[in-house]
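# Inside the fold
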Amino acid sequence: MDRKSSKPGGNRGTIFALGNLHRLPHPAGGTRTPFPNPMKVLTSFAPLLFAGVLTFAASGCGKKCSNEDPRARITNNGTQNASVQIKTSGGSTVNINNVAAGASSDYANYAAGSTTFTLKVNNIDYVKTTDVSKCHEYTIAIDRNNVITVTDTDRNN
């Protein structure tokens, strides 16, 4: 039940025979398919689509942190072991103990609010008080002169 072109000179148009696509003669010679092979298009497009999905997932469609408590760690750039006591305005205390010179501790979580960081190096206390916020992390660094700096990083950036 083929339907043929009514144009003189043979098959110059698209011919469908019960859903089958037939090749057409090309004016420059040879034959051509009027539509690209959908499998080749899909196969060529798949890596691009996959990369787009990965980029979207990596950038996140929402926030990375959702109302999580702040967290802190010690970076000890001094010459002796260091410990820190993190005391929050709510009265809770978190300790990070015996961080070796040249090392950083793991993060410890605690409540947001006014927080006092008390570093102990060579049995001497160094105190720094700061307001801390949810979804932030703080690096409490001590240098060779036992100067304390607290660096704040927003975990949603």
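Please refer to the structure higher up on the page.
Keep in mind it's a predicted model, so treat the numbers as computed, not measured.

Across the sheet, which stays open at both edges, the four strands sit in the order S7-S6-S9-S10 with antiparallel pairing between neighbours. With one partner strand each, in any of the chains shown, strand S7 (93-99) and strand S10 (124-132) form the two edges of the open sheet. Across the sheet, the mean angle from the axis of one strand to that of its neighbour is 15°, orientation sign disregarded. The sheet contact formed by strand S9 (residues 113-121) and S10 spans nine bridges and is antiparallel. Across the sheet, the residue bridging to Ser114 is Asp131, located in S10.

It is worth spelling out the pairing of strand S11 (residues 136-142) at this point. Among the seven residues in S11, seven count as buried, and that is most of the element. The alternating pattern of S11 places His136, Tyr138, Ile140 and Ile142 and Glu137, Thr139 and Ala141 on opposite faces, both of which are buried. Across seven bridges, S11 lies against strand S12 (residues 148-154) in antiparallel orientation. Bridge pairing in S12 places Tyr138 opposite Asp152. Counting the residues that bridge the hairpin from S11 to S12 gives five residues, and of these Asn146 lies at a positive phi of roughly 60°.

Glancing now at the environment of Ser92. Note on placement: Ser92 falls in the loop between strand S6 (82-88) and S7. When its relative accessible area of 34% is taken as the criterion, Ser92 is described as partly exposed. Once the C-alpha coordinates of Ser92 and Tyr110 are considered, the two residues, 18 residues apart in sequence, prove to be 7.7 Å apart. When near neighbours in sequence (up to four residues on either side) are disregarded, Ser92 contacts Ile86 and Lys87.

Turning next to the pairing of S6. Most of S6 is tucked away: five of the seven residues are buried. Counted along the chain from S6 to the antiparallel partner S7, the turn is four residues long, and its residue Gly91 has a positive phi close to 100°. Direction of pairing for S6 relative to S9: antiparallel, over a ladder of seven bridges. Residue pairing across strands places Ser83 opposite Lys120, the latter belonging to S9.

Rules used throughout
By convention here, each chain's residues receive numbers from 1 onward along its written sequence. Confidence filtering applies because this is a predicted model: local features only for residues at pLDDT of at least 70, side-chain atom pairs given and counted only at 80 or more, and all residues used for totals across whole chains, interfaces and linings. The basis for every side-chain value is the complete set of heavy atoms in the structure, and neither hydrogens nor water enter the calculation. Whether two strands pair depends on DSSP finding at least two bridges between them. For helices the rule is a DSSP run of H or I covering at least 4 residues; for strands it is a run of E covering at least 2, with both sets numbered from the N terminus onward. Axis geometry follows a simple rule: fit a line to the C-alpha atoms, using only the stretch in contact for helices, then measure angles between N-to-C directions, giving values from 0 to 180 degrees. Residue burial is assigned from relative accessible area. The probe radius is 1.4 Å, only protein chains are included, and a residue is buried under 20% of its type maximum, exposed over 50%, and partly exposed in between. Whether two residues are in contact is decided by their heavy atoms, any of which lying within 4.5 Å being enough.

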